[in-house]
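Take a look at the letters that make up each chain.
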Amino acid sequence: MALKTCNSELDVNAKIQPPHYENIYNNMRHVVYMVKVVKRDDTKIFTGFCVEKNGYILTSAFHLNMASKVYVRGLNDDRYIMAQLRKICSDSRIALLKINRQCDYAYIGDNIGLHAGLDVFGITHPDDLPFTFMAGKLTTRFESYNKNMEGLGHLGQYKRSCHDAIDLLCINGFQSDLENLHSIGCPVFNSKGLVIGMIVSSHKGLDYVVPAVWLSRIKDSINQLSSQASGSRQQ
């Protein structure tokens, strides 16, 4: 299986060796978007990534509700374009956006074979800065510090608001800036270029990632949403 992007094909069956990490960046940056959420006088900017050629983008539902005004901006865009918020998954707090154009997109992998020490990579898009490539290592899975998630800030808020069965992955080395939210919604790739998760929070220098299985669940709903939209236009 090959991952087709604007620039080239990335063989996802072959592990990318350390000197060629830039291949992940060069190939995958085209699937990453800035996501701008506007609520009254409050504007937040974070990250999202395309998962389907018809313009479906996944991001975090943090700071989002179905009445939110959402805009996205890709690598080659000179301005933000409006996006439709099509769905928010209450179990995982993942949001599905839609833009009206054909897009390069990422493949969602699985979490088989994940282990502590695994090399992982992220691409985020801070405001007023070029795409930023991040490299880190998978450390452990999230452990409940206490039942009330006290002292965990945004991470505790996330865990309280989503499904108990979500076992977050933990990454060391990205050094995301939670205060500015830019890395929230950032895709996390393995060395084959497959998405294994998405950043949903950071705490004490570590990034916490919702696993790929939860991303796949909301992606699987795209066909149903497309059918509903088509039916609405015909009525």
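No experiment lies behind these values; they were computed from the predicted model shown.

## Considering the nonpolar core
Consideration 1: Formed by 33 residues in total, the largest nonpolar core has its most connected members in F49, L58, I94, F189, V210 and L215.
Consideration 2: Top contributing element to this core by residue count: helix α3 (residues 212-219), with 4 residues.
Consideration 3: Those residues in contact with F49 that sit more than four places away from it in its chain are V31, V32, Y56, I57, L58, G185, P187, V195, M198 and L215.
Consideration 4: A61, V70, I81 and V209 belong to the second largest nonpolar core, which has 31 residues in total.

## Let's talk about the confidence of the model for the protein chain
Consideration 1: For the protein chain, the mean per-residue pLDDT works out to 77, and 71% of the residues sit at or above 70.
Consideration 2: For the stretch residues 1-16, pLDDT sits under 50, and the model shows 41 contacts to residues farther than four places along the chain or on other chains.
Consideration 3: With pLDDT under 50 throughout, residues 144-148 is counted as low confidence; its partners more than four residues away or in other chains account for 4 contacts.

## Considering the sheet that holds strand β8 (residues 94-98)
Consideration 1: If you trace the 6 strands once around the closed barrel, you get β3-β4-β5-β8-β7-β6, paired in antiparallel fashion. Neighbouring strand axes in the sheet, compared pairwise and without regard to direction, differ in orientation by 40 degrees on average.
Consideration 2: One ladder, built from 5 bridges, connects strand β3 (residues 32-39) with strand β6 (residues 69-73); its direction is antiparallel. Residue pairing in the sheet places V38 in a bridge with K69 of β6.
Consideration 3: Together, β4 (42-52), β5 (56-60), β7 (81-89) and β8 form the strand contacts of α3, whose direction differs from that of β8 by roughly 40 degrees.

## Digging into unusual backbone geometry
Consideration 1: At R93, a position not held by glycine, the phi torsion is positive, near 60 degrees.
Consideration 2: Within the secondary structure layout, R93 lies in the loop between β7 and β8.

## Details of the packing of aromatic side chains
Consideration 1: In the structure shown here, the tally under the stated rule is 3 aromatic pairs.
Consideration 2: Centroid distance Y25 to F133: 6.2 Å. Interplanar angle 80 degrees. Geometry classified as edge-to-face. Of the two residues, Y25 is situated in helix α1 (residues 22-28) and F133 in strand β10 (residues 132-141); the sequence distance between them amounts to 108 residues.
Consideration 3: Judged by relative accessible area, which is 18%, Y25 ranks as buried.
Consideration 4: Taking 5.7 Å as the distance between ring centres and 55 degrees as the angle between the ring planes, the aromatic pair formed by Y105 and Y107 counts as tilted.
Consideration 5: Given a relative accessible area of 24%, Y107 falls into the partly exposed group.
Consideration 6: The rings of Y25, F121 and F133 are connected pair by pair, giving a single aromatic cluster.
Consideration 7: Its end group placed over the ring of Y56, K98 keeps NZ or CZ at 5.4 Å from the ring centre.
Consideration 8: The side chain of R217 reaches across the aromatic face of W214, ending 4.3 Å from its centre.

## A look at the side chain of T47
Consideration 1: The residue T47 is located in strand β4 in this model.
Consideration 2: By relative accessible area, which is 0% here, T47 ends up buried.
Consideration 3: In terms of polar contacts, T47 uses its side chain to reach the side chain of T124, at 2.7 Å.

## Digging into α3
Consideration 1: Every buried residue of α3 is accounted for by A212, W214, L215 and I218. Along α3, the residues classed as buried sweep out an arc of 160 degrees about the axis, all on the same side.

## Details of the pairing of β4
Consideration 1: Burial of β4 is extensive: 8 of the 11 residues sit out of reach of the surface.
Consideration 2: Pairing between β3 and β4: 8 bridges, direction antiparallel. Following the sheet pairing, V37 is matched in β4 by K44.
Consideration 3: Between β3 and β4, which pair antiparallel one after the other, the connecting turn spans 2 residues, and R40 there sits at a positive phi close to 50 degrees.
Consideration 4: The pairing of β4 with β5 spans 4 bridges and is antiparallel. Considered in β5, the bridge of C50 is made with I57.
Consideration 5: Two successive antiparallel strands, β4 and β5, enclose a turn made up of 3 residues, where G55 displays a positive phi of approximately 90 degrees.

Scoring rules and cut-offs
- Residues numbered from 1 in each chain as written.
- Predicted model: local features only at pLDDT ≥ 70, side-chain atom pairs only at ≥ 80, totals over all residues.
- Heavy atoms only, no water.
- Core = buried A, V, L, I, M, F, W, Y, C linked by side-chain atoms within 4.5 Å.
- Buried < 20%, exposed > 50% of the residue type's maximum accessible area, 1.4 Å probe, protein only.
- Helix = DSSP H or I, 4+ residues; strand = E, 2+ residues; numbered from the N terminus.
- Contact = heavy atoms within 4.5 Å.
- pLDDT = per-residue confidence, 0-100.
- Pairing = 2+ DSSP bridges.
- Axes fitted to C-alpha atoms, helices over the stretch in contact; angles between N-to-C directions.
- Phe/Tyr/Trp six-rings, centres within 6.5 Å; stacked < 30°, edge-to-face > 60°.
- Lys NZ or Arg CZ within 6 Å of the ring centre and 35° of its normal.
- Polar contact = N/O pair within 3.5 Å; in protein donor to acceptor, adjacent residues only side chain to side chain.
- Arc of directions from axis to C-beta.

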